[in-house]
Amino acid sequence: MSNELDFHLDDFEPADADSEYAEQRFWAGDVTVLAEHHTTPNGSHSFVVAHDRSATMGVPGAPQIVAIKVARDLNQNTFTFESTCHSTVSFAQNWLIEHGCPPDRIAQVRGGFMKPTDDLTLWLDQQIRESGARYEVIDSWTSDFDPCETWTLTRDSSASQAPVRVFLEEGNHEAHTYTIREGAFADEAAARHWLDDRGSPLPQPPDYRGEAAARLARAALYRSAGASAIPKAGPDTCHGPSAGTAQRPNRGRSL
């Protein structure tokens, strides 16, 4: 299976101008496939998670993970093409699942990529991936410099307390692993202040206090079923040393 992006659309025409533009904006040399699912036997749909290296040359902090859905009309020989950009693989997977991809078919990221550091990271990946419309994404940031990290600022529709959530992902390039932690804030202003200042540890969600053991138990069960083999991140995504939820220095970036 090739890592290059190829939807086999030579015999198809775009169904509309938006699909034509969306398909043409991707250059095979810039995109590396991380996970994909193609329906069988007729191949009417394709779902792809990919790393877009060209994003590193654009706006600083822009997301580098792209989710792509292609739907082919086999009778008319036309296709529709949809894509969205995300800061992490799990949010890209979530979008594809919400757009009709079977969850188990897009969960397996190809070998050779970063692996989760611990059970909580594994559980959070699964939670995001299978969360449906629970998280409204407000903003995100992908850093290519020290400290190399990504964060996604969201609003959790299921949270009765501290509904603004930050998912902070940090990697350890030498260990080839990554860590995800979730922070909870009363409002967006408080979350942005923490992201800009890093003057205190990332505050845990209130529900962690009563469910931490259960979360880890579920994550361990999920891992024992074979999900520990799920890798992470694109080959050119920069990662720095993992610090978990420890205090991080101020990056001096204005949000």
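You'll find the structure just up there.
Residues numbered from 1 in each chain as written. Predicted model: local features only at pLDDT ≥ 70, side-chain atom pairs only at ≥ 80, totals over all residues. Heavy atoms only, no water.

Here we take up the packing of aromatic side chains. A full pass over the atoms with the stated rule returns 4 aromatic pairs. With 5.4 Å between their ring centres and 85 degrees between their planes, Phe7 and Phe81 make a pair best called edge-to-face. Highlighted residues: Phe7 in the segment before strand S1 (13-14) and Phe81 in strand S5 (residues 78-86), separated in sequence by 74 residues. On the basis of relative accessibility, which here comes to 7%, the residue Phe7 falls in the buried class. On the basis of relative accessibility, which here comes to 5%, the residue Phe81 falls in the buried class. Joined through ring pairs, the aromatic side chains of Phe91, Tyr135 and Phe167 make up one cluster. (Phe/Tyr/Trp six-rings, centres within 6.5 Å; stacked < 30°, edge-to-face > 60°. Helix = DSSP H or I, 4+ residues; strand = E, 2+ residues; numbered from the N terminus. Buried < 20%, exposed > 50% of the residue type's maximum accessible area, 1.4 Å probe, protein only.)

Further remarks concern helix H5 (residues 188-197). When H5 is considered as a whole, its buried residues turn out to be Ala191, Arg192, Trp194 and Leu195. Taken around the axis of H5, the buried residues stretch over an arc of 160 degrees, which confines them to a single face. Exposed residues pointing more than 90 degrees away from the buried face of H5 are listed as Ala189 and His193. The secondary structure elements touched by the buried residues of H5 are strand S7 (135-142), strand S8 (149-156), strand S9 (164-172) and strand S10 (177-185). Between the side-chain oxygen at the start of H5 and the backbone nitrogen of Ala189 there is a gap of 3.3 Å, and the oxygen is on Asp187. A positive phi of about 55 degrees marks Arg198, the residue just after H5. (Arc of directions from axis to C-beta. Contact = heavy atoms within 4.5 Å. Polar contact = N/O pair within 3.5 Å; in protein donor to acceptor, adjacent residues only side chain to side chain.)

Below, the discussion takes up the pairing of strand S4 (residues 65-73). For S4, a buried count of 8 out of 9 residues is recorded, marking the element as mostly surrounded by other parts of the structure. Bridge count between strand S3 (residues 45-52) and S4: 7 bridges; the pairing is antiparallel. Across the sheet, residue Ser46 finds its bridge partner in S4, namely Val70. As paired strands, S4 and S5 are joined by 9 bridges and run antiparallel to one another. Its bridge partner being in S5, Ile65 is matched across the sheet by His86. (Pairing = 2+ DSSP bridges.)

Once that is clear, we can look at the pattern of salt bridges. Between side chains of opposite charge, a pair can form as their charged atoms come close. Counted under the stated rule, the structure contains 10 salt bridges. Close ionic contact of Arg105 with Asp104 constitutes a salt bridge, the shortest N to O distance being 3.9 Å. Relative accessible area serves as the criterion here: at 55%, Asp104 is assigned to the exposed category. Across the pair Asp156 and Arg165 runs a salt bridge, and its minimum N-O distance is 3.8 Å. On the basis of relative accessible area, Asp156 is assigned to the buried category, the value being 2%. By relative accessible area, which is 3% here, Arg165 ends up buried. Connected through salt bridges with shared partners, the residues Arg134, Asp156, Arg165 and Glu182 form a single ionic network. (Salt bridge = Lys/Arg side-chain N within 4 Å of Asp/Glu carboxyl O.)

Geometry only, nothing functional implied.
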